[in-house]
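Fold and geometry: a report
Take a look at the letters that make up each chain.
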Amino acid sequence: MTFSASKYDLYFNIDHTKTHFEGTCKITLKCKIEQEEKNESVIILNGNELVITECRLNDTTPEINYIKKDHLIQLSFPNGIIKNNDVLLIKYLGKLNQIKTFQDKTMGVFKTNVMNDQSGKADSIVISTHCQPYHASRIFPCFDQLHLKAKFKITIETNDRFKVISNGSVIVRELRDGLQIVEFSETPYLPACLIGFSIGDFQFIQSEVLTSSNTITTLRFYSPLEIEHCTFALDIATKYFPILNNILFPTYYPLDKLDFVLLPFLSDMAMENFGMVTFQMDYILLSSITNPKQYQQLEQLIVHEMVHQWIGDLLTFNSWKHLWFNESFATWLANELLEYVWTSPDYLKTHYFPTISQLSTHSIKDTLPVAADGKSTDELFQPQSYIKGVPMLRELIGYVGKENFIKSLDTFLDDYETPIDPKSIWCNLGVENLYNWFIASKESPIFHIRDEGTSWGIDKSDLNRFGDVPIFLNKEKENTLASLLTQSENDAKNILYNKDMLGLYCVSYESANCIDAFCNRVDELNEQSLYKVFQDLLYFINTPSKVNNYHVDLCLKFLQKMSCDPCMESIDEKFYHSISIALQILQKIQRSYINSDCKLIKIRDKILTPLYMKFKLRSKLVELSDTVFRNPFELEIHSQLLFLLKLPELDSEIVSNAKTLSFDILKSLMRGSPFKKVPLEIIGGALANYSRFLTDALEWKKILDIMKNGRPFVCHLLNDAGSNAHVAIQNVIIENIGYVIEHELVEKTLKFVYTNIESTSIEMLLFGFVYNACHKVVNSKQKKQEKEGNVQRSGRNNRKSLTKRNNKSKVNNMNTTMFVPLYSGEYVKDICWSWFALNFDNIARRACRKGSPTSEQLNKTLKNIFMVIAEIYLSGLSVTSEEYRKNSEKLKNFVVAKNCKFGDEMDLKSLLDTVENEKRVNDDGLKKVCIENEQSLLV
Ligand SMILES: [Zn+2]
């Protein structure tokens, strides 16, 4: 576009009783220098649902063309020549949108009726604006692009009973015949999407803060109701505004006020209009703070919006595709100011860690939402956007230092009229390549720590390959680029290569000496650094092409250190998160050792037993107080230990302890005793353990009933899990009840899946069977007979021999030394397969019924079940084995037969291919490492 604006002079006449408002817009035009002398005769403006009543430029009236589908207005001046600084005058009508529910999108100018505290009627009025990303064009004709900045002068005429707020400060307020005309000070250069005003029956509270230049800035909260409940928010703004305004960005904020306006409806949580932040009021109005988390969330929200006043409002980015950076910056700086955030386990667990682990393995580009062409804020503002840039900023600042970073931002703020690309921040600090790494590369770098003679260090070829990446060692010197790392820094004293998880790279520890040193000196490391080590480890363990012996070694040695080190009588909380990740890995290792009792016994005795004893779950459940489980990772550890200790074949004191405890936890969930309350987080592990030992069909039925209705059991939960607690209980049950191994219960579970096939996610009930696929089912009725016959367990046999023995026992059942097998001889996988083969047609017939609303869901469920069953059926078999070939053949024939019968719409073939491919890949992964590594790793 040839033209943009250097200034808008806007006059709004807003009558709250009407459905439209009147506007007058004077645009001072700006054209690119090189075009200044050309004869231009067309101006194209953004305008959405605006009707122009008058338009003039230098006494010339243009021909007006509405290009409705693109929300554009084309003005053609047949005889006119448009010059720089010409003023275009437009009078128009715009829509005053009525917002009644949360479903209504707030766009342009909108009005809401609010309940009046005094009259009890909904006759209070709130009118406000929402421009981001492209809705300024619903308020005034403009050049509505993020990179086009101009100054705005706003005047509002409206009923004199209302408070009137806008970006600038009020400079004149004139009263006339029940009306008021309020003139606001001119804004600095802003994009049109940051303009806004609010009109309505507001009350306010305010505070004043002193700026570094000894002037006063007024902070004010406006709300149509319950203004007294804004005090928490006002306190927060009053505390943090001076830090931003006086210390971090001195001299840049041009206003003597910052307003915060609470709205009954706003499609986003908040909107950072310059000088006038709007909030959806439910997030701010708090009559009391019942837990510290609530206050922290409020702090984060308000500080985040205040940061935007400088970064995002004054300093802006030149395209919507950089939105993620703008948001991440505000999140990062808010977190820096609210120091607790980086160390709060809750925050780290729910927000930060998941993001950083995603970034460790994917480039920013892969995780970027499609922002460039997004039309609504819903599309643009994905939760991911608010955090994904944070690790990048931490790495940059870790490398250049915070002071240099802020100083560098100043150079951009000095020239804030020019919007920037985030890349220029990296360029300005001389690390452009680092930015390119994030944006362009497919995968994060991996540094391998390998032996070098008697010491160890980062592999030389990695150092050459990733020379531009800053390395964060646990020694004093932190900001070293890989290429600058000298031999003395890269030496045996260092045990950590990504301090404070500042670096966006993974580290693979592949030196036995380094792993030993790491485990011996693990006390020196902090929670974040440890977390990153184990998160990387989890990534390697889950990636068949990357996993090796050292990874298993590090995991087991660390856990053994935690379990058995006599110096660690009780385990420091900083280790909890890492232990819970290591136990997650141990689960996989334990499964890979399924045929090696001696390794399983070692894990049981060297890790699980001592850890279980240290964590004392039973006594904590008995003592039970609010603070007993304050660390969220501790509950994960408890749950994992119960899961790992479901070892009926390897009975020991601890195994039976864990079993009794699991039974008591489930009893307490159902009846409120022996423990009054149980934390939701441990139910999963307890139930898996419980199911594995369960033989009683009546007990099993009671648990399944919880799955149908969790509500009556919510009162037995320890922590308030919110209004969806019953759903959370149901989900935990469905995911963990499938670990049954008793023949009758396995069949009942399958029957339950069949009779509830129309329920969503019912296939999750089969997850336990995937885990136990290679186990033989137990026949407890048989066992009972054995007991009656007073016989002992003597081994595992198949069904054939069982029948034989039984025949014998009839004859000779008083023989106490007789050999009677425990197992019925059928594998879980065989039972699952025959169940599926038998019932498939019935389900498929219903799933293929066209036009039925349930058939679509059923179709999805059946596909999912097919994949799970295929995985179960091929489980435990090496892809090269004859038995694998046979089972795979059987599945393929099944697919062919069903395609003949039902058509290939369900595409079972490609589902089977997916399962088989995954299986092939996994066979090369951890399992192979575990099988090949015959020397046991545990000492
Ligand atoms: Zn934001």
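Residues numbered from 1 in each chain as written. Predicted model: local features only at pLDDT ≥ 70, side-chain atom pairs only at ≥ 80, totals over all residues. Heavy atoms only, no water.

**Looking at the overall build of the protein chain**
In terms of helices and strands, the protein chain carries 31 helices and 29 strands. Burial status across the protein chain gives 58% buried among its 939 residues. Carbon and sulfur atoms make up 50% of the accessible area of the protein chain, which totals about 40,300 Å². (Helix = DSSP H or I, 4+ residues; strand = E, 2+ residues; numbered from the N terminus. Buried < 20%, exposed > 50% of the residue type's maximum accessible area, 1.4 Å probe, protein only. Areas by Shrake-Rupley, 256 points an atom, 1.4 Å probe, with all protein chains shown as cover.)

**Quick word on the pattern of salt bridges**
Using the criterion set out here, one finds 36 salt bridges in the structure. The closest approach of N and O atoms between Glu916 and Lys892, which form a salt bridge, is 3.2 Å. On the criterion of sequence distance, the pair formed by Glu916 in helix α30 (residues 908-923) and Lys892 in helix α29 (residues 882-902) is long-range, its members being 24 residues apart. Residue Glu916 is classed as buried on the basis of its relative accessible area, which comes to 3%. (Salt bridge = Lys/Arg side-chain N within 4 Å of Asp/Glu carboxyl O.)

**Quick notes on a nonpolar patch on the surface**
On the surface, a nonpolar cluster with roughly 230 Å² of combined accessible area is contributed by Val51, Tyr66 and Leu93. Take Leu93: it is sitting in strand β7 (residues 87-98). (Patch = residues over 30% accessible without salt bridge, like charges linked within 9 Å, V, L, I, M, F, W, Y side chains within 5 Å.)

**Description of the nonpolar core**
Where a protein is soluble and globular, its nonpolar side chains tend to be buried together. Formed by 297 residues in total, the largest nonpolar core has its most connected members in Phe140, Phe221 and Phe405. Here this core spans two domains, since at least three of its residues come from each of domain 1 (1-201) and domain 2 (315-440). Other than its neighbours up to four places away in sequence, Phe140 contacts Tyr8, Leu10, Phe12, Asn46, Leu50, Tyr92, Phe152, Ala192 and Ile195. (Core = buried A, V, L, I, M, F, W, Y, C linked by side-chain atoms within 4.5 Å. Domains from an automatic or database assignment. Contact = heavy atoms within 4.5 Å.)

**Things to note about the pairing of strand β2 (residues 20-31)**
The sheet contact formed by strand β1 (residues 3-14) and β2 spans 10 bridges and is antiparallel. Directly across from Phe3, in β2, lies its bridge partner Cys31. Between the end of β1 and the start of β2, which pair antiparallel, lie five residues. Here nine bridges tie β2 to β7, and the two strands are oriented antiparallel to one another. Note on β7: the bridge partner recorded for Glu22 is Leu93. (Pairing = 2+ DSSP bridges.)

**What about the sheet that holds strand β22 (residues 455-458)?**
Ordered in space as β22-β21-β25, the three strands form an open sheet in which the pairing is mixed. Here the strands that pair on one side only, and so sit at the sheet edges, are β22 and β25 (506-509). Direction aside, the axes of adjacent strands within the sheet are offset by 25° on average. Taken together, the four bridges between strand β21 (residues 446-452) and β22 define a ladder with antiparallel strand orientation. The partner of Ile449 across the bridge, within β22, is Ile458. Where helix α13 (residues 527-541) meets the sheet, it contacts β21 and β25, and its direction lies at approximately 80° from that of β25. (Axes fitted to C-alpha atoms, helices over the stretch in contact; angles between N-to-C directions.)

**Focus: the packing of aromatic side chains**
For the coordinates displayed, the defined rule picks out 48 aromatic pairs. Ring centres of Tyr253 and Trp310 lie 5.5 Å apart, and the angle between their planes is 45°; this geometry places the pair in the tilted category. One end of the pair, Tyr253, is in the loop between α1 (231-248) and β18 (257-263); the other, Trp310, is in helix α2 (residues 292-310), with 57 residues separating them in the sequence. Residue Trp310 is classed as buried on the basis of its relative accessible area of 0%. Arranged with centres 5.9 Å apart and planes meeting at 45°, the rings of Tyr509 and Phe518 form a pair that is tilted. Each residue in the set Phe317, Trp324, Phe325, Phe329, Trp332, Phe405, Trp426 and Tyr435 is aromatic and connected to the rest through ring pairs, giving one cluster. Residue placement shows Arg220 over the ring face of Phe204; its charged tip is 4.5 Å from the ring centre. A cation over a ring is seen here: Lys646 above Phe643, with NZ or CZ 4.0 Å from the ring centre. (Phe/Tyr/Trp six-rings, centres within 6.5 Å; stacked < 30°, edge-to-face > 60°. Lys NZ or Arg CZ within 6 Å of the ring centre and 35° of its normal.)

**Some thoughts on the pairing of strand β17 (residues 216-223)**
Most of β17 sits out of view: six of its eight residues are buried. The hairpin formed by strand β16 (residues 203-210) and β17 contains five residues between the paired strands, and Asn214 there has a positive phi angle of roughly 65°. With five bridges connecting them, β17 and β18 associate as parallel partners. By the bridge assignment, Thr218 is partnered in β18 with Lys257. The handedness of the β17 to β18 crossover, carried by α1, is left-handed. (Right-handed = clockwise from strand over helix to strand, strands pointing away.)

**Here we look at the UniProt feature "binding site: Zn(2+)" (unreviewed entry) in the protein chain**
Mapped onto the present numbering, the UniProt feature "binding site: Zn(2+)" (unreviewed entry) falls at His304, His308 and Glu327. These residues run over 24 residues, yet every pair of their C-alpha atoms falls within 8.6 Å of each other. You can see His304 is positioned in helix α2. Residue His304 is classed as buried on the basis of its relative accessible area of 8%. Mapped onto the secondary structure, His308 falls in helix α2. By relative accessible area, His308 is classed as buried at 0%. In contact with His308, not counting residues within four places along its chain, are Glu272, Asp313, Leu314, Asn326, Glu327 and Ala330. (UniProt positions renumbered as here; feature names shortened; annotations may be inferred.)

**Re the packing of helix α12 (residues 512-520) against helix α14 (residues 549-564)**
Between α12 and α14, the least distance of the axes is 10 Å, while the angle of their chain directions is 25°. Taken together, α12 and α14 sit at an angle that is classed as roughly parallel. By crossing handedness, the relation of α12 to α14 is classed as right-handed. On α14, the residues touching Ala512, Ile515, Asp516, Phe518, Cys519 and Asn520 of α12 are Tyr550, Leu554, Lys557, Phe558 and Lys561. Its residues assigned to classes, the contact of α12 with α14 shows seven nonpolar, one polar and three charged. (Parallel < 35°, antiparallel > 145°, perpendicular 65-115°, else oblique. Left-handed = near helix turned anticlockwise from the far one by under 90°. Nonpolar A, V, L, I, M, F, W, Y, C, P; charged D, E, K, R; others polar.)

**A short note on unusual backbone geometry**
A cis amide bond links Gln132 to the next residue, Pro133, at an omega of -5°. Its location among the elements puts Pro133 in the loop between β9 (124-130) and β10 (149-159). Residue Pro674 is reached from Ser673 by a cis peptide bond, and omega for that bond is 10°. Its place among the elements puts Pro674 in the loop between α19 (653-671) and α20 (680-693). Backbone geometry at Glu49 places phi at a positive 55°, although glycine is not the residue there. By the element assignment, Glu49 lies in the loop between β3 (42-46) and β4 (51-57). Overall, Glu49 belongs to the partly exposed group, its relative accessible area being 45%. Not every positive phi belongs to a glycine, and Asn85 is a case in point at roughly 70°. Mapping Asn85 onto the fold places it in the loop between β6 (72-76) and β7.

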